[in-house]
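Below, each chain spelled out in residue letters.
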Amino acid sequence: MGYVAGSALLTHGLSLAERTRVQGLTDGLIWSSAAAASLGSGLVVAAANFAALGLLGAALVVVPTFVVIARRSAVQAAA
């Protein structure tokens, strides 16, 4: 099975009139997020060091992972 880009999957279920607007908005949000992350990482390195940037990056992965696991456990316990 081949992989399909996320923006292609997003527009798959939309009408032709909606595709351009939605895909443009989505791409703009993605590019803006990338720009903010680049600027933010530069500021973190300038204020602290690369180790701090690495720890921040690890926290941005580990914390949401634990939240998802906790919620999944709570949902399974309620079911």
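Refer to the structure above for everything that follows.
Calculation criteria
Residues numbered from 1 in each chain as written. Predicted model: local features only at pLDDT ≥ 70, side-chain atom pairs only at ≥ 80, totals over all residues. Heavy atoms only, no water. Helix = DSSP H or I, 4+ residues; strand = E, 2+ residues; numbered from the N terminus. Buried < 20%, exposed > 50% of the residue type's maximum accessible area, 1.4 Å probe, protein only. Areas by Shrake-Rupley, 256 points an atom, 1.4 Å probe, with all protein chains shown as cover. Axes fitted to C-alpha atoms, helices over the stretch in contact; angles between N-to-C directions. Parallel < 35°, antiparallel > 145°, perpendicular 65-115°, else oblique. Contact = heavy atoms within 4.5 Å. Nonpolar A, V, L, I, M, F, W, Y, C, P; charged D, E, K, R; others polar. Expected span 1.5 Å × (residues − 1). Polar contact = N/O pair within 3.5 Å; in protein donor to acceptor, adjacent residues only side chain to side chain.

1. Quick notes on the overall build of the protein
Point 1. Counting secondary structure elements, the protein contains three helices and zero strands.
Point 2. Counting from the amino terminus, the protein carries its helices and strands in the arrangement α-α-α.
Point 3. Put simply, the protein has 79 residues, and 3% of those count as buried.
Point 4. When the accessible surface of the protein is summed, it comes to about 6400 Å², and 72% of that surface belongs to carbon and sulfur atoms.

2. A few points about the packing of helix H2 (residues 16-47) against helix H3 (residues 50-78)
Point 1. Interaxial distance between H2 and H3 falls to 7 Å at its minimum, and their mutual angle equals 135°. By the angle between their directions, the pair H2 and H3 is classed as oblique. Only Phe50, Ala52, Leu53 and Leu56 of H3 make contact with H2, whose side of the interface consists of Ser41, Val44 and Val45.
Point 2. Broken down by class, the residue content of the contact of H2 with H3 amounts to six nonpolar, one polar and no charged.

3. Overview of H3
Point 1. Here H3 spans 42 Å end to end across 29 residues, near enough to the 42 Å set by a 1.5 Å rise per residue.
Point 2. Looking at where H3 begins, the residue whose side-chain oxygen comes 3.1 Å from the main-chain nitrogen of Ala51 is Asn49.

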